[in-house]
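Examining the three-dimensional arrangement
The primary structure of each chain is shown beneath.
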Amino acid sequence: MAQLYARYSSVVYAVALRVLGDTAAAEDVLQEIFIQLWRNPGAFDSGRGNLAPWLAVITRNRAVDSLRKRRPQTEISETTVSVEPDLAGEADRGRAMEKVRAVLKDMPVAQRSSLEMAYFEGYSHSEIAQKTGEPLGTVKTRIRNGLMLLRKAVETK
Amino acid sequence: MSVHEQFAEELALYALGCLEGDEKTSLEKHLEECASCRRELEQLRGDAALLALSASGPKPPARAQTRLMDAIAKEPRGQKADAAIRGRSPRPQWWAALGWAAAATMIVVVAVLWNQNVRLKSSVAVLQGLSEQQRLELGQARRVVNTLMAQDAMHIDVMPVGQKALPPQGKAIYSRQQNGLIFVASNLLPLPAQKAYELWIIPTQGAPIPAGVFKPDVHGGAIVINPPIPAGVEAKAFAITIEPEQGSQTPTMPIVMMGAGG
């Protein structure tokens, strides 16, 4: 577990801190994620993807649940994440993340904001429309196109 | 597009967990019946994972690891099994004792199996994480060895400009703790027919230990990687002799090359 922690705690903590914006709360989520992994190692199905993206997603889900002060919405064992291309290696992951961050940086502010409000702040699409004053259809299109841009970024060699 | 166009945007929202109400219910119903939309949803979840992974920030404080390891150490282990064993009580009747003995045996067997199961689950957790790391490390190690041993590997002596060829020389890298030995030689002289060089560990106590037989390539280069050697040998020097091709158990004089540890 010590080696697992050494390798992946940065990913988990970064996602938790990004969502919660509070170090103590992020540490609580970090603790919860690794304890769950310890208790239920079979929750991660290595045949369905790599550990880093899976940990990032379950951490995001737990952190958003915590932010929204609600009970966990999904069991970690029900979460499967399949990322193409293969991001098992730290170097591959680093290169892919550089591309993703570059795409996010170049994205129109409104589009990036919609994506981040949905994913990192846990707002529903109608809440985002309400908060930004944009039509619901515009929010939906922006979010989908934003995800497509991320996909293209890592597909591009 | 293989995805039903009318659900394309809803799928993206669903993958991010921000679809709600009737639209969510309607999409979930459609997903039960539509394999192509399920595939697209899986891909969109992968795209969303990229967004999650894009988060960057400081490393967790050291106290977080201490807290986690403390918590794991306190995780209940084998309580049910222990309680089951503690809960049994002897019966005075001899005929009943047989039944109780069988039951007690069963409890012990169940407890042992349960404990094994817990241990195995813990091991699997660690192993799953480590396997990925080990796969990467193995790949790196293979690349190092493959490069060293490649037929087309260039062995170039880099020396001050103008200096002519160097004399035969070798470098032995030995770790007693790792029980590993790597020997790299260059500019070795050609060998007589049916002879080979043999590397020797000269221990602080006892006789020289054979550590690999090798022949130089056409450029006089040679590499020995982790020859079979006894564990824990304290070496004071390394030596090279010329031996029959199959190697020897004791060095044949003279020693042609030698180096002592610092």
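No experiment lies behind these values; they were computed from the predicted model shown.

1. Quick look at the overall build of chain A
Summing up its helical and strand segments, chain A has 7 helices and 0 strands in all. Counting helices and strands in the order they occur from the N terminus, chain A gives α-α-α-α-α-α-α. Counting every position in chain A, which comprises 157 residues, the buried fraction comes to 44%. Pairs at least 24 apart in sequence give 66% of the contacts found in chain A among residues at least 6 apart.

2. Details of the overall build of chain B
Each helix and strand counted, chain B has 6 helices and 7 strands in total. Expressed as a percentage of the 262 residues in chain B, the buried residues total 21%. In chain B, once contacts between residues fewer than 6 apart in sequence are set aside, the share between residues at least 24 apart is 57%.

3. Re the sheet that holds strand β5 (residues 222-225) of chain B
Residues and elements named next belong to chain B. Overall, antiparallel pairing links the 3 strands, which are arranged β1-β2-β5 in an open sheet. Because the sheet does not close on itself, it has two edges, and the strands there are β1 (169-175) and β5. Adjacent strand axes in the sheet meet at a mean angle of 5° when their direction is disregarded. Bridging between β1 and strand β2 (residues 180-186) involves 7 bridges; their strand directions are antiparallel. Looking across to β2, one finds that alanine 172 is bridged to phenylalanine 183.

4. Describing helix α3 (residues 51-67) of chain A
All names here are of chain A. Taking 1.5 Å per residue as the helical rise, α3 with its 17 residues ought to reach 24 Å, and the 24 Å between its terminal C-alpha atoms agrees with that figure. Along α3, 15 of the 17 residues are buried, which leaves the element largely enclosed by surrounding structure. Downstream of α3 by one or two residues, lysine 69 has phi in the positive range, about 50°.

5. Comments concerning the nonpolar core
Among the nonpolar cores identified, the biggest contains 65 residues, and A:Val15, A:Ala16 and A:Leu55 are the most heavily contacted of them. Ranked by the residues each element gives to this core, the list is headed by helix α1 (residues 2-20) of chain A, at 12 residues. The contact partners of A:Val15, leaving out residues within four places of it in the chain, are A:Ala56, A:Thr59, A:Arg60, A:Ala63, B:Ala52 and B:Ala55.

6. What to know about the packing of α3(A) against helix α3 (residues 35-53) of chain B
Close contact between α3(A) and α3(B) brings their axes to 9 Å; oriented N to C, the two are set at 80°. One element, α3(A), and the other, α3(B), form an angle in the roughly perpendicular class. Taking contact as the criterion, the partners of A:Ala52, A:Pro53, A:Ala56, A:Val57 and A:Arg60 in α3(A) are, on α3(B), B:Ala49, B:Ala52 and B:Leu53. Taken together, the residues of the contact of α3(A) with α3(B) sort by class into 7 nonpolar, no polar and 1 charged.

7. Focus: the packing of helix α7 (residues 136-155) of chain A against α3(B)
Between α7(A) and α3(B), whose axes approach to 9 Å, the crossing angle comes to 80°. One element, α7(A), and the other, α3(B), form an angle in the roughly perpendicular class. Contact residues: α7(A) offers A:Leu147, A:Leu150, A:Arg151 and A:Val154, while α3(B) offers B:Leu44, B:Asp47, B:Ala48, B:Leu50 and B:Leu51. Residue classes in the contact of α7(A) with α3(B) are distributed as 7 nonpolar, no polar and 2 charged.

8. Comments concerning the sheet that holds strand β7 (residues 255-260) of chain B
Residues and elements named next belong to chain B. Pairing within the open sheet is antiparallel, and its 4 strands lie in the order β4-β3-β6-β7. Only two strands of the sheet have a single neighbouring strand rather than two, namely β4 (209-214) and β7. For this sheet, the mean inter-axis angle between neighbouring strands, taken without regard to orientation, is 20°.

9. Some thoughts on the interface of chain A and chain B
Listed per partner, the contact involves 54 residues of chain A and 42 residues of chain B. Among the elements of the structure, α1, α2 (23-39), α3, α4 (90-106), α5 (109-119) and α7 of chain A are those that each provide at least two residues to the side of chain A that touches chain B. Sorting elements by how many residues they give to the side of chain A that touches chain B places α1(A) first, with 12 residues. Across the side of chain A that touches chain B, the residue classes tally to 34 nonpolar, 10 polar and 10 charged.

10. Quick notes on the confidence of the model for chain A
For chain A, the average pLDDT comes to 83, and 82% of its residues sit at 70 or higher. When pLDDT is averaged over each element of chain A, α5(A) comes out on top at 92 and α4(A) at the bottom at 83.

11. Concerning the confidence of the model for chain B
Residue and element names in this part refer to chain B. In the predicted model, chain B carries a mean pLDDT of 80, and the fraction of residues at 70 or more is 82%. Throughout residues 77-94 the model reports pLDDT below 50, and contacts reaching past four residues in sequence, or to other chains, amount to 18 contacts. Among the prediction metrics, the complex's ipTM stands at 0.84, with pTM recorded as 0.53.

How each quantity is defined
Residues numbered from 1 in each chain as written. Chains lettered and ligands numbered in written order. Predicted model: local features only at pLDDT ≥ 70, side-chain atom pairs only at ≥ 80, totals over all residues. Helix = DSSP H or I, 4+ residues; strand = E, 2+ residues; numbered from the N terminus. Buried ≥ 20, exposed ≤ 12 C-beta atoms within 10 Å, placed from the backbone. Contact = placed C-beta atoms within 7 Å. Pairing = 2+ DSSP bridges. Axes fitted to C-alpha atoms, helices over the stretch in contact; angles between N-to-C directions. Expected span 1.5 Å × (residues − 1). Core = buried A, V, L, I, M, F, W, Y, C linked by C-beta atoms within 7 Å. Parallel < 35°, antiparallel > 145°, perpendicular 65-115°, else oblique. Nonpolar A, V, L, I, M, F, W, Y, C, P; charged D, E, K, R; others polar. pLDDT = per-residue confidence, 0-100.

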